[in-house]
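Understanding the architecture of this molecule
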Amino acid sequence: MLFRSPDLTTHFFQIWIEPNVFGIPPSYEQKTVPPTSKRGALSLIAGPHDALVKIHADASLYAGLFDGEEQFTLTLQPDRKSYVHLVRGELQVNGHALRSGDAALLDKETQVSISNGVDAEVLVFDLATPCVVMHRFENIHSHFMSQLSDNPPDSRIRGIGR
């Protein structure tokens, strides 16, 4: 059932991840992810193995909800990239502050540490190189790699911005 309220704002986040399998029929999955599975953790939502939703790409998508003292560290392979998008709230990613709509591209990192959340909802993409991710986030303008791309405080974090 589709429900629309004129009093509520809808935020639409659409992503495309380049597949690594071709010639298969298109598919579509929709799953409900209970908030308890994401509370204070990064829950594997989509990926090629053991994820809630299967995707045909060398990429994994995690989702988390963080507030207060909750923190979580996800181990990364340094030859991969990680893209972090803060859907709402505030939090720190590897010690760098992000606000609603901000994003960070991590390169050659061995972990992504999420902490100091304030009503935060975050998406973390673990990506093979090269793996193309394109996104569109309506109602909250986000352009990553803008504010700090010329001189980031940590060269492994390639961009943090609004």
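Whatever comes next refers back to the structure up there.
So, here's what we can say about the structure. Not measured: the values here are computed from a predicted model. (Residues numbered from 1 in each chain as written. Predicted model: local features only at pLDDT ≥ 70, side-chain atom pairs only at ≥ 80, totals over all residues. Heavy atoms only, no water.)

1. Some points on unusual backbone geometry
- Located in the positive-phi region is Asp50, a residue other than glycine, with phi close to 55°.
- Mapped onto the secondary structure, Asp50 falls in the loop between strand S2 (43-47) and strand S3 (53-54).
- Given a relative accessible area of 79%, Asp50 falls into the exposed group.
- The phi dihedral of Asn94 falls on the positive side, at around 50°, and the residue is not glycine. (Helix = DSSP H or I, 4+ residues; strand = E, 2+ residues; numbered from the N terminus. Buried < 20%, exposed > 50% of the residue type's maximum accessible area, 1.4 Å probe, protein only.)

2. Comments concerning the nonpolar core
- Residues Leu42, Val84, Leu91, Val93, Val112, Val122 and Val124 are the most contacted members of the largest nonpolar core, which totals 17 residues.
- Contributing elements (two or more residues each) for this core: strand S4 (59-68), strand S6 (81-93), strand S8 (103-107) and strand S9 (111-127).
- The biggest single contributor to this core is S9, with 5 residues.
- Listed in part, the 15 residues of the second largest apolar core include Ala46, Ala57, Tyr83 and Leu127. (Core = buried A, V, L, I, M, F, W, Y, C linked by side-chain atoms within 4.5 Å.)

3. A few points about the pairing of S6
- Alignment of S6 against S8, held across 5 bridges, turns out to be antiparallel. Bridge pairing in S8 links Lys81 to Asp107.
- In this sheet, S9 lies alongside S6 in antiparallel orientation, the contact comprising 10 bridges. Across the sheet, Glu90 pairs through a bridge with Val118, a residue of S9.
- Pairing between S6 and strand S7 (residues 96-99): 4 bridges, direction antiparallel. From the neighbouring strand, Val93 faces S7, where its bridge partner is His96. (Pairing = 2+ DSSP bridges.)

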